[in-house]
Amino acid sequence: PVKKCMCNLGAFINYAKNTYTYSDTFYSTNTDLKGVRSNDYLIGGDVYGAFGINNNWDIGLALPFVITSRNDDPYGVSYFDQFGITEFRPMTKYRFSGDDSGGMAVIFSMNFNAIKNDPFAGNNPGPTINIELAADTTTSGGTKFAGNIGLRKRNSGSQLTNPTTGLPPPFVPFN
């Protein structure tokens, strides 16, 4: 955790290329596309901040966002057509054992989707709730090891439909 009255700020930039693959069920009439990747890329990022309430407890907020993307796919694979914040992710972490050289903590966070018409989250999705148990240790040589395990509960919305055709996309929201 972040020490009492201290702030932790961070920023990350992410780049992904050729992330989409054609589905063998959606494109069953065009089997030459099965497993072929579309020509796409996505540049996104994350900014976050955390504040130490005391030496064992902190609170924070992460803001993932899309900077730009391109999808040269003539077959209508889902893509971002607007850019900006994709979700709001408040969190809190409490270390219940240990010190600066290692210990165990519980982390609670929630994801609030900010993407309109997100086929992976569904129409009007609820928050995703996450709880994790994290542990870390530092060896006598200074090497740090850490790991976590958690549970995620998604509250998906209903499946979207195309406003023109009334048909659903080739995938359903994540459960």
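Residues numbered from 1 in each chain as written. Predicted model: local features only at pLDDT ≥ 70, side-chain atom pairs only at ≥ 80, totals over all residues. Heavy atoms only, no water.

Caption draft 1: Focus on the pairing of strand β3 (residues 57-71). Note: strand β2 (residues 40-54) against β3, 14 bridges, orientation antiparallel. Considered in β3, the bridge of F51 is made with I59. Note: β3 against strand β5 (residues 87-99), six bridges, orientation antiparallel. Within β5, the residue paired with I59 across the bridge is T92. In this sheet, strand β4 (residues 84-85) lies alongside β3 in antiparallel orientation, the contact comprising two bridges. From the neighbouring strand, V66 faces β4, where its bridge partner is G84. (Pairing = 2+ DSSP bridges. Helix = DSSP H or I, 4+ residues; strand = E, 2+ residues; numbered from the N terminus.)

Caption draft 2: Summary view of the environment of P90. Here P90 is to be found in strand β5. With 20 residues separating them in the primary sequence, P90 and M110 have C-alpha atoms 5.9 Å apart.

Caption draft 3: Looking closely at the layout of surface pockets. Its boundaries defined by the atoms lining it, the second largest pocket holds a volume of some 480 Å³. Lining the second largest pocket are 21 residues; nearest its centre among them are A62, R89, M91, I107 and E132. Elements represented by at least two residues in the lining of the second largest pocket include exactly β2, β3, β5, β6 (102-113), β7 (128-138) and β8 (144-153). Considering every element that reaches the lining of the second largest pocket, the biggest residue donor is β3, with four residues. For the lining of the second largest pocket, a count of residues per class yields nine nonpolar, seven polar and five charged. (1 Å grid on protein atoms, 1.4 Å probe; cavity = no way out; pocket = protein on both sides within 12 Å on 5 of 7 lines; lining within 4 Å. Points joined across faces, edges and corners; volume = space filled by probe spheres on them. Nonpolar A, V, L, I, M, F, W, Y, C, P; charged D, E, K, R; others polar.)

It is worth stressing that arrangement in space is one thing and function is another; only the former is reported here.
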